[in-house]
Amino acid sequence: MAISVNYIRILQLVLMLNVSIILGQSIICFSCNKEVEGDYLKVGNKYFHPDHFVCDYCKKPLPAKFMSDNSKYYHSECYAEVKGFKCEYCKKVITNEYMISNNKKYHKSCFEQISPKCKVCEKTLVGTFSVDYYGNKYHSYHENKFPRCTCCNRLITKSITSGGRDYSDGRSICNICFADAIFDQGRISGLLEKVRNKLSSMGISISSAQISISGVSQIELKKVAGDYFSDGVKGFCETNILTTNRSQTKYSHKIYILNGLPAINLES
Ligand SMILES: [Zn+2]
Ligand SMILES: [Zn+2]
Ligand SMILES: [Zn+2]
Ligand SMILES: [Zn+2]
Ligand SMILES: [Zn+2]
């Protein structure tokens, strides 16, 4: 959690006075303790030889605006240096408003540089925010405003997924997934073949007679899957017993898979 702090400014204005003869009163320089004859500076209730009013840090003369702390006087930059008001990011001194995060100080503009930006609105993320599986960070309140992709669960926005589209069966799909989406029954069967080959290279063989696959809409999937259906379900496998004899039972598997899914989803 970052907080914004205002720099404590203790600025005072110098009064430059001509010597005024105050009868019976001599003016003593606060710096050198000697009497001031001629021009002097009055700072608060203290007097200085004009060239004795210097920065306690760099010993150079001070301008009309300066910092004062414990009867010591500083340039604002020197004061920041003395007090350790340095920005963790640019290493330069902080002379006005700054942010504190993890006990470290930052210029406001530097803090903007290092803090994460919302992927949706590009504003700085402060405090708690959402991060999706893919590392996209955004303000949690955006989650109510955008649909989620039914394949990858990303928020469908221009910046995260380059938008997306709605299928007629009510699903929303992001454009990343849609770019690879498969509707064609031929390609779906092709993928089954590919997976079958992969499995058989691993020593698992499935005969094609026992297994079939078809791409369906979410509405159709809901129908075949019945009670097994829920929003995250992308496919359903129906198993039927073909023949049973004493030595073995043969099954047929019918796979229903949502069409319009990316190839990677279908394969799994
Ligand atoms: Zn002096
Ligand atoms: Zn100085
Ligand atoms: Zn900085
Ligand atoms: Zn945002
Ligand atoms: Zn997606």
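Please refer to the structure placed before this passage.
So, a few notes on the structure that sits alongside this text. Here, residues in each chain are numbered from 1, in the same order as that chain's written sequence. Here the convention is simple: chains get letters from A, ligands get numbers from 1, in the order in which they are written. With the structure being a predicted model, the display of local features is reserved for residues of pLDDT at least 70 and the display and counting of side-chain atom pairs for 80 or more, all residues being used for whole-chain, interface and lining totals. Where side-chain values are given, they derive from all heavy atoms of the structure, hydrogens and water being excluded.

Quick word on the coordination of the zinc ion (ligand 2)
Right, so step 1: Only nitrogen, oxygen and sulfur atoms qualify as donors, and only when within 2.8 Å of the metal (3.2 Å in the case of Na, K and Ca); with water excluded, sites may look incomplete. Distances from the zinc ion (ligand 2) to its protein donors, namely Cys-55 (SG), Cys-58 (SG), His-75 (ND1) and Cys-78 (SG), fall within the range 2.1 to 2.3 Å.
Right, so step 2: Counting gaps between the donor residues of the zinc ion (ligand 2) yields the pattern C-x2-C-x16-H-x2-C. Here Cys-78 lies in helix H1 (residues 76–83) and Cys-55 lies in the loop between strand S5 (46–48) and strand S6 (65–69), a separation of 23 residues in the sequence. The two residues Cys-55 and Cys-78 agree in class, both being buried. Helix and strand assignments follow DSSP, with helices taken as H or I runs no shorter than four residues and strands as E runs no shorter than two, numbered in order from the N terminus. Exposure categories follow from relative accessible area, calculated using a 1.4 Å probe and restricted to protein chains: below 20% of the type maximum is buried, above 50% is exposed, and the middle band is partly exposed.

Structural notes on the coordination of the zinc ion (ligand 5)
When four donors bind a metal tetrahedrally, each ideal donor-metal-donor angle is 109.5 degrees, and when six bind octahedrally, the ideal angles are 90 or 180 degrees.
Right, so step 1: Those protein atoms acting as donors to the zinc ion (ligand 5) are Cys-149 (SG), Cys-152 (SG), Cys-174 (SG) and Cys-177 (SG), and they sit at 2.3 Å.
Right, so step 2: Between consecutive donors of the zinc ion (ligand 5), the numbers of intervening residues give the motif C-x2-C-x21-C-x2-C.
Right, so step 3: The exposure class of Cys-152 is buried, given its relative accessible area of 11%.

What about the side chain of Arg-171?
Right, so step 1: Residue position: Arg-171 is located in the loop between strand S12 (164–166) and strand S13 (172–174).
Right, so step 2: Since its relative accessible area comes to 2%, Arg-171 is described here as buried.
Right, so step 3: Working rule for contacts: check all heavy atoms of both residues, and any pair within 4.5 Å makes them a contact. When near neighbours in sequence (up to four residues on either side) are disregarded, Arg-171 contacts Thr-150, Arg-165, Asp-166, Val-216, Ser-217, Gln-218, Leu-258, Asn-259 and Leu-261.

Here we look at the pattern of salt bridges
Right, so step 1: Should a side-chain nitrogen of Lys or Arg be within 4 Å of a carboxyl oxygen of Asp or Glu, the pair is scored as a salt bridge. Tallying each qualifying case throughout the model produces seven salt bridges.
Right, so step 2: In this structure, Lys-59 engages Asp-56 in a salt bridge whose closest nitrogen and oxygen atoms are separated by 4.0 Å.
Right, so step 3: Judged by relative accessible area, which is 31%, Asp-56 ranks as partly exposed.
Right, so step 4: Its salt-bridge partner being Lys-83, residue Asp-69 comes within 3.2 Å of it at the nearest N-O pair. With Asp-69 in strand S6 and Lys-83 in helix H1, the pair connects residues that are 14 residues apart, well separated along the chain.

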